[in-house]
Amino acid sequence: MGAIDLPKSPNVFHPEKPSAVGSRNSLAQEYRDQQAEVNLLLEEETNKVIHHLTARLPKDVLDRLDIMGGIKEKLYNYFNQNYQNMFNRYMVTSEDEMVKKVRNFVDKEETKVLTRYTPKEIADLLDAVGGADKFNTGEVEKSVVNMYGHLQGHIQRGVNELETHTNSILRQKTDTGAFVRGENAYSIVKCAFKDNQNKPKTVTDVKLSVNILESELISPIFHYQVTVEYLVKDLIAKHIIDSIDKLVEQIKDDRIDQGLEELSDGEVIFTKLNKVEAFTDDNAEEAKSRRYTFMAKTLMDRLTDLRAEIDPESFDALNVRENIKKIIDMENIRNRGFNTAINSITSILDTSKMGYQYIENLKNGREVNIREYEDTDTANLPDERYSIKMRFFDNAQLIEDRKAYDVQVKSFETEVQHLWDVLEVNYQDKKSAFKINDFQDLAKRSKGKIRKTIKDKSGEPLYEDIAKVWDEISFVKSAETEVEKSNRTYVYEKDRIRTRIIRMRDRMRKMYDFQYPAERRFMEERLSWLEREYYRFDYMINPYHLQPGLLLDVDITSIKRKKVTLDAMANVLNEFLHGVSKGFSDAAFASFSRRRSTVREDINQSFAAVSDDEEEAVAAAAPKPRAAISAPKKSSKPAAKKKGVVDSRGKAKRSGRGIAEL
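On a predicted model such as this, the values are computed, not experimentally measured, just so you know.

Asks: Is there a simple way to think about the overall build of the chain in this case?
Replies: Looking only at helices and strands, the chain features 19 helices and 6 strands. Burial analysis of the chain (662 residues in total) assigns 29% to the buried set. Considering only contacts within the chain whose residues lie at least 6 apart along the sequence, 66% involve residues at least 24 apart. Carbon and sulfur atoms provide 54% of the accessible area of the chain, an area that totals close to 44,700 Å².

Asks: Would you take a moment to explain the pairing of strand β4 (residues 367-371) for this structure?
Replies: Side-chain direction in a regular strand flips from residue to residue, so the side chains alternate between the two faces of the sheet. Burial within β4 is extensive, with 4 of its 5 residues counted as buried. Where strand β3 (residues 358-362) and β4 come together, 5 bridges link them in antiparallel fashion. Each bridged residue has a counterpart across the sheet, and for N361 the counterpart in β4 is V368. What sits between β3 and β4 in their antiparallel hairpin is a turn of 4 residues, with R366 showing a positive phi close to 55°.

Asks: Looking at this structure, how should I read the environment of L213?
Replies: The residue L213 is located in strand β2 (residues 203-213) in this model. For L213, a relative accessible area of 18% puts it in the buried group. A sequence separation of 370 residues divides L213 from G583, and the C-alpha atoms of the two residues are 9.4 Å apart. Leave out the neighbours within four places in its chain, and L213 touches Q547, P548 and G549.

Asks: I would appreciate a short explanation of unusual backbone geometry in the present structure.
Replies: Phi is positive for R366, close to 55°, though the residue is something other than glycine. Among the structural elements, R366 can be located in the loop between β3 and β4. In this structure R366 comes out as buried when scored by relative accessible area, which is 2%. Non-glycine residue D513 carries a positive phi angle of around 55°. Its location among the elements puts D513 in the loop between α14 (491-512) and α15 (518-538).

Asks: Is there a simple way to explain the confidence of the model for the chain in this structure?
Replies: The predicted structure's coordinates, where accompanied by low pLDDT, should not be read in detail. Taken over all residues, the pLDDT of the chain has a mean of 77, while the share at 70 or more is 76%. Ranking the elements of the chain by mean pLDDT puts helix α19 (residues 648-654) last with 41 and β4 first with 93. In the model, residues 1-9 has pLDDT below 50 throughout and makes 8 contacts with residues more than four positions away in sequence or in other chains. Here residues 592-605 is a poorly scored stretch, pLDDT under 50, and it has 21 contacts once near neighbours within four places are set aside; other chains count.

Asks: Explain the sheet that holds strand β5 (residues 385-393) here, please?
Replies: Adjacent strands of a sheet form backbone hydrogen bonds with each other and so pair up, either parallel or antiparallel. The antiparallel open sheet is built from 6 strands, whose spatial order is β1-β2-β6-β5-β4-β3. What marks the edges here is a single partner per strand, and that holds for β1 (188-195) and β3. The sheet shows a mean angle of 5° between the axes of neighbouring strands, taken without regard to direction. Pairing of β5 with strand β6 (residues 549-559), which is carried by 9 bridges, proceeds in the antiparallel orientation.

Asks: Quick question: what am I supposed to make of the pattern of salt bridges here?
Replies: Charged atoms that come close allow side chains of opposite charge to pair. A complete count under the given rule lists 28 salt bridges for this structure. Of the charged contacts, one joins D195 and K560 as a salt bridge, the two residues approaching to 2.9 Å between their closest N and O atoms. With D195 in strand β1 and K560 in the loop between β6 and α16 (564-580), the pair connects residues that are 365 residues apart, well separated along the chain. The exposure class of D195 is partly exposed, given its relative accessible area of 43%. Look at the salt bridges and you will find they share partners, linking K494, D495, R498 and D538 into a network.

Asks: Explanation requested: the nonpolar core in the structure shown.
Replies: Taken as a class, soluble globular proteins show a tendency for nonpolar side chains to be buried jointly. Residues F179, I388, M390, L550, M569 and F576 are the most contacted members of the largest nonpolar core, which totals 34 residues. Listed by contribution, the elements that provide at least two residues to this core are β2, α10 (333-351), β4, β5, β6 and α16. Per-element accounting of this core gives the leading share, 9 residues, to α16. The residues contacting F179, other than those within four sequence positions of it, are C191, F193, V206, L208, I556, L566, A570, L573 and N574.

Asks: Could you clarify how one ought to interpret the packing of helix α11 (residues 395-430) against α14 in this entry?
Replies: Relative orientation and spacing of two packed helices are given, respectively, by the angle between their axes and the distance between those axes. Where α11 meets α14, the axes come as close as 10 Å, and the angle between the chain directions of the two elements is 25°. In terms of axis orientation, α11 runs roughly parallel to α14. Of the two elements, α11 crosses α14, and the hand of that crossing is left-handed. For the contact of α11 with α14, the residue count by class is 13 nonpolar, 2 polar and 8 charged.

Asks: Please clarify how the side chain of T565 should be interpreted in this entry.
Replies: Its place among the elements puts T565 in helix α16. Side chain to side chain, T565 and E384 meet in a polar contact 2.5 Å long. The residues contacting T565, other than those within four sequence positions of it, are M354, E384, R385, Y386, I556, T557 and S558.

Parameters and conventions
- Residues numbered from 1 in each chain as written.
- Predicted model: local features only at pLDDT ≥ 70, side-chain atom pairs only at ≥ 80, totals over all residues.
- Heavy atoms only, no water.
- Helix = DSSP H or I, 4+ residues; strand = E, 2+ residues; numbered from the N terminus.
- Buried < 20%, exposed > 50% of the residue type's maximum accessible area, 1.4 Å probe, protein only.
- Contact = heavy atoms within 4.5 Å.
- Areas by Shrake-Rupley, 256 points an atom, 1.4 Å probe, with all protein chains shown as cover.
- Pairing = 2+ DSSP bridges.
- pLDDT = per-residue confidence, 0-100.
- Axes fitted to C-alpha atoms, helices over the stretch in contact; angles between N-to-C directions.
- Salt bridge = Lys/Arg side-chain N within 4 Å of Asp/Glu carboxyl O.
- Core = buried A, V, L, I, M, F, W, Y, C linked by side-chain atoms within 4.5 Å.
- Parallel < 35°, antiparallel > 145°, perpendicular 65-115°, else oblique.
- Left-handed = near helix turned anticlockwise from the far one by under 90°.
- Nonpolar A, V, L, I, M, F, W, Y, C, P; charged D, E, K, R; others polar.
- Polar contact = N/O pair within 3.5 Å; in protein donor to acceptor, adjacent residues only side chain to side chain.

Now the structure itself:
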């Protein structure tokens, strides 16, 4: 009988017998009551939530809620369903993948050993001849690792969904905290919830912008147009920084070994700054300068202005610069970071069941647009949808975006002011000259009496003669400092535009009441269009609030009572940020690589005998005894050491405290 005819599993199928095929019990469980354990777990989680509700909600609200009936039953079923889903997914994955891989591997081993035509000695000989890279189990091990990685991803995604739904139940609302949590919460630039224009009562629109800085990216991103010289210098600079860090770590370890105080944060920074000149300098013209230690000056000179593409007329495959460029391109340094980010976001969307019908990858521009639906007309789209725009930009692009933003804000101010002037002229023309229409008419009529009866007696100037600083639209703006000039928020200007739009709409309603002449229709159409465009512009991100790096701009539309896309996108964003961003790290916490208490020699006490040289060294290093205690004289004859006796005196003195100080 060959190995193929051997049975691959026990011929016992039963749902309750331990370790049988299809059984829910295992011999490894030692006959534990699994159902009782699961019930205990679910009961505890449900009671925690019920206790949280009773502790947080007011008494009058609790009286109207069926705490002991409906809510507890729903929570129990909710936890039970999610637990069973995750456990079943784990079991199915393990049985379908793990068992299949292991059985195939066992079959191969049995075939190698049991077949009568291939003796075991020949198999061993082939294994020895092949070496470490042949006839091994590397592929099987790699498959097992990949399987466990996918399994861990499924379980983690299920836990994230359970956490999101639990938080939603407890808060009974959706806010910014539902999207990005933990160490990546600082990366949010803007998050705005607003009612949908077409369905304000049932649908909500969410704008979320996340800015990941260049220093926080796990894989650095470079523009396609960046020169090869810049890439090489960036690699050399990273190598220099790593070398300085290793040197400073060695200095810190040496100080700890010598029993000195640890370096403070400021001293670590100054030490790093002083070590920079040991690896590089500013002499760019001298070929023997330290800056050309890692790459010769002749090679650096040939890379000047060499970009991602070379003119075919000047291309020569045997030139030095072409070969250096080929080495850089083979390492894929230029495209590695951005391609990693694209692969991460698309794979997470796929595994999270967030499919998309439209994707536009502008590789050379370092921008990608993803939409759930290809159509952009909101009238034809469902109420559950999303769109993602991911873009990498440097400081030069930010400067140009800020200039365009300045011009756009100024253009809105000009257009709104022009409509304001047109409305004011029509209002003045519409006023009757024979009656008082507003406060201005009353003030003009009372001007003469005020001057004669009040101002002439008191000597104060008239109201019309006083310089008007406040325009009654917005409060007086304070003078700008250098901080405001370089980081314009435009909060003041946007408030003025918004206030004028509201006042113009009120004035038109008071002017015309229920009349709709042609001039009112024209002005209202213009005002409505400006208002829509302004709020669309205000919904965008102010580039003054951004820093060079990766920008993830997400637009979500979701039904308020379902929030399917909101919950799913929260899991996608957290998983994406975890895989792309290193997160914020405080150098002060990371500077302590090891503690003195973890490397002291006196912690590991032993019963070994102490030699005469060690005893003399310890005695010389120990502090002198106080005057009140007479130190015993040491005999010239060496004392005999017995095995198995602890020399506590040497250990105590080695830690810096002698017996005399006890």
